[in-house]
Amino acid sequence: MSTFAAEPLFEQLVAIRRQLHAHPELSHEEFETTASIRGWLSEAGIRIADYPLRTGVVAEVGRGGPIVAIRADIDALPVQEETGLPFASRIPGKMHACGHDFHTAAVLGAALLLKQREAELKGTVRFLFQPAEEKAKGASQVIASGALEGVSAIFGLHNKPDLPVGTIGIKAGPLMAAADGFIVEVKGLGTHAAVPEAGIDPIVASAHIITALQSIVSRNVGALGGAVVSVTRLNSGTAWNVIADQAVFDGTLRTFDEKVRTKVRERFEQIVTGVGAALGAEATVRWLDGPPAVVNDPVWAEQSAATAKALGLQVVEPTPSPAGEDFSFYLRQVPGSFFFLGASGPQEWHHPAFDVDERALPIGASFFASLAVDALVRLSE
Ligand SMILES: [Zn+2]
Ligand SMILES: [Zn+2]
């Protein structure tokens with residue numbers, strides 16, 4: 001078991017995180033962020049690998065042997081920051097409200113630590129600084145660039161505000177949900193509000209459909225299945241005395257199991273078209289396919305827990321999160337594990353007053369560095 005002490009890097013990692021925090025960039029616009037990461041890597045003599053990515057960086061420490069990958073996401077959100085921190089976002093309407101600045105700094109820290117012991121490595125550690133996680137597009141782009149080729153195991157983490165610093169949530173199996181979106185169009189027939197029998201009211205049809213959709217979770221998913229169906233927006237009509245000719249509503253489905261996901265989507269379509277038809281309307285579903293669930297490999301989850309314990313971290317069984325995370329696309333190709341690192345935050349992800357406790361930065365760095373070494377040893381046996 002290998003252990004790295006990252007405390008000497010604390011000031012440097014804090015400075016890196018704060019610089020990123022002050023200069024957030026949205027998904028697919030991470031040009032300055034990309035330049036900064038390249039700069040920090042180059043300063044440390046870390047090799048930057050050449051893959052065709054517009055934003056994002058791939059770097060490597062070590063040569064030959066098996067390859068393990070460590071991923072950080074680097075993008076920010078369209079949120080107006082309200083933390084009042086001295087290093088708060090300088091860009092109006094943009095904020096690192098999900099802590100991807102923290103992830104980037106922690107993974108950079110791991111790269112710096114591993115670089116110091118490069119000669120001892122039993123293989124190669126590839127660092128994926130991935131763009132556009134918040135749009136769930138970046139992981140697929142990194143995969144399409146070829147940067148996952150040859151990788152035998154992959155690891156990533158998300159900060160977790162409700163876990164204290166010094167703890168890490170590790171579990172085999174599902175950790176984060178599949179996050180699909182839907183847009184439902186309900187076509188009726190417009191008419192005078194006083195003469196409803198001359199038309200087909202899409203608002204009444206939508207109301208029945210939306211109510212019937214509530215039966216999916218309560219009647220079609222078992223107690224342990226785990227699913228969410230949320231309608232989050234409904235638009236229809238132009239005037240108080242006109243029955244509209246159509247309504248549109250949208251929202252999201254969250255599931256943790258591929259079978260449950262398929263079943264929920266099937267039931268959803270049956271209810272939309274069936275209830276719509278029963279009321280004379282033509283209702284159709286357009287799916288916005290999101291990332292699948294994050295499902296951790298049991299062997300790598302166990303190895304990760306052993307590494308974390310050797311570092312003196314408190315390993316806890318995390319409650320799975322219904323949020324989505326495009327790390328799942330890597331896990332469909334390569335086994336690995338995703339973690340929740342305790343960050344003692346005052347607010348949940350995406351909140352305008354979101355923050356992390358920076359004492360978790362060196363913990364993330366040493367955990368990743370130690371895990372990479374342990375994984376390479378395991379893969380070389
Ligand atoms: Zn997020
Ligand atoms: Zn995030």
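We now turn to the structure provided with this report. None of these values were measured; they are calculated from a predicted model. (Residues numbered from 1 in each chain as written. Chains lettered and ligands numbered in written order. Predicted model: local features only at pLDDT ≥ 70, side-chain atom pairs only at ≥ 80, totals over all residues. Heavy atoms only, no water.)

**Some thoughts on the overall build of the protein chain**
(1) Moving on: A count of helices and strands for the protein chain gives nine helices and 16 strands.
(2) Moving on: At 23 Å, the protein chain has a C-alpha radius of gyration in line with the 21 Å of a compact globule built from 381 residues.
(3) Moving on: Seen along its three principal axes, the alpha-carbon backbone of the protein chain occupies a region of about 80 × 45 × 40 Å.
(4) Moving on: Out of the 381 residues in the protein chain, the part that is buried amounts to 54%.
(5) Moving on: Summarising the internal contacts of the protein chain: among those between residues at least 6 apart in sequence, 81% fall at separations of at least 24.
(6) Moving on: Of the accessible surface of the protein chain, which amounts to about 15900 Å², a share of 53% is contributed by carbon and sulfur atoms. (Helix = DSSP H or I, 4+ residues; strand = E, 2+ residues; numbered from the N terminus. Rg over C-alpha atoms; globule rule 2.2 N^0.38 Å. Buried < 20%, exposed > 50% of the residue type's maximum accessible area, 1.4 Å probe, protein only. Contact = heavy atoms within 4.5 Å. Areas by Shrake-Rupley, 256 points an atom, 1.4 Å probe, with all protein chains shown as cover.)

**A word on the sheet that holds strand 4 (residues 124-130)**
(1) Moving on: The eight strands lie next to each other as 1-2-4-3-5-16-6-15, forming an open sheet whose pairing is mixed. Two strands lie at the open edges of the sheet, namely strand 1 (47-49) and strand 15 (314-316), each paired on one side alone. Direction aside, the axes of adjacent strands within the sheet are offset by 30° on average.
(2) Moving on: Lying over the sheet, helix 2 (residues 31-43) contacts strand 1, strand 2 (57-61) and strand 4, oriented at roughly 15° with respect to strand 2.
(3) Moving on: Against the sheet, helix 7 (residues 298-310) makes contact with strand 5 (151-160), strand 6 (167-169), strand 15 and strand 16 (336-342), and its axis sits at roughly 40° relative to strand 16, the strand it touches most. (Pairing = 2+ DSSP bridges. Axes fitted to C-alpha atoms, helices over the stretch in contact; angles between N-to-C directions.)

**Section: the packing of helix 5 (residues 202-220) against helix 6 (residues 258-278)**
(1) Moving on: Contact geometry of helix 5 with helix 6 gives a least axis separation of 9 Å together with a crossing angle of 150°. Comparing their axes, helix 6 and helix 5 come out roughly antiparallel. Considering only the axes of helix 5 and helix 6, their crossing is right-handed. The residues of helix 6 that touch helix 5, namely those facing H208, I209, A212, L213, S215, I216 and N220, are K263, V264, R267, F268, I271, V272, V275 and G276.
(2) Moving on: Taken together, the residues that form the contact of helix 5 with helix 6 break down as nine nonpolar, four polar and two charged. (Parallel < 35°, antiparallel > 145°, perpendicular 65-115°, else oblique. Left-handed = near helix turned anticlockwise from the far one by under 90°. Nonpolar A, V, L, I, M, F, W, Y, C, P; charged D, E, K, R; others polar.)

**Digging into the nonpolar core**
(1) Moving on: In terms of nonpolar packing, the biggest core is built from 88 residues, with L114, F127 and F129 touching the most fellow members.
(2) Moving on: Per-element tally for this core: the top contributor is helix 9 (residues 360-380), with 12 residues.
(3) Moving on: Core analysis: the next-biggest nonpolar cluster, separate from the first, contains 22 residues, I209, F268, I271 and A281 among them. (Core = buried A, V, L, I, M, F, W, Y, C linked by side-chain atoms within 4.5 Å.)

**Regarding the pairing of strand 5**
(1) Moving on: Counting buried residues in strand 5 gives nine out of 10 residues, a clear majority hidden from the surface.
(2) Moving on: Here strand 3 (residues 67-73) pairs with strand 5 via five bridges, running parallel. For A69, the partnering residue across the bridge sits in strand 5 and is I154.

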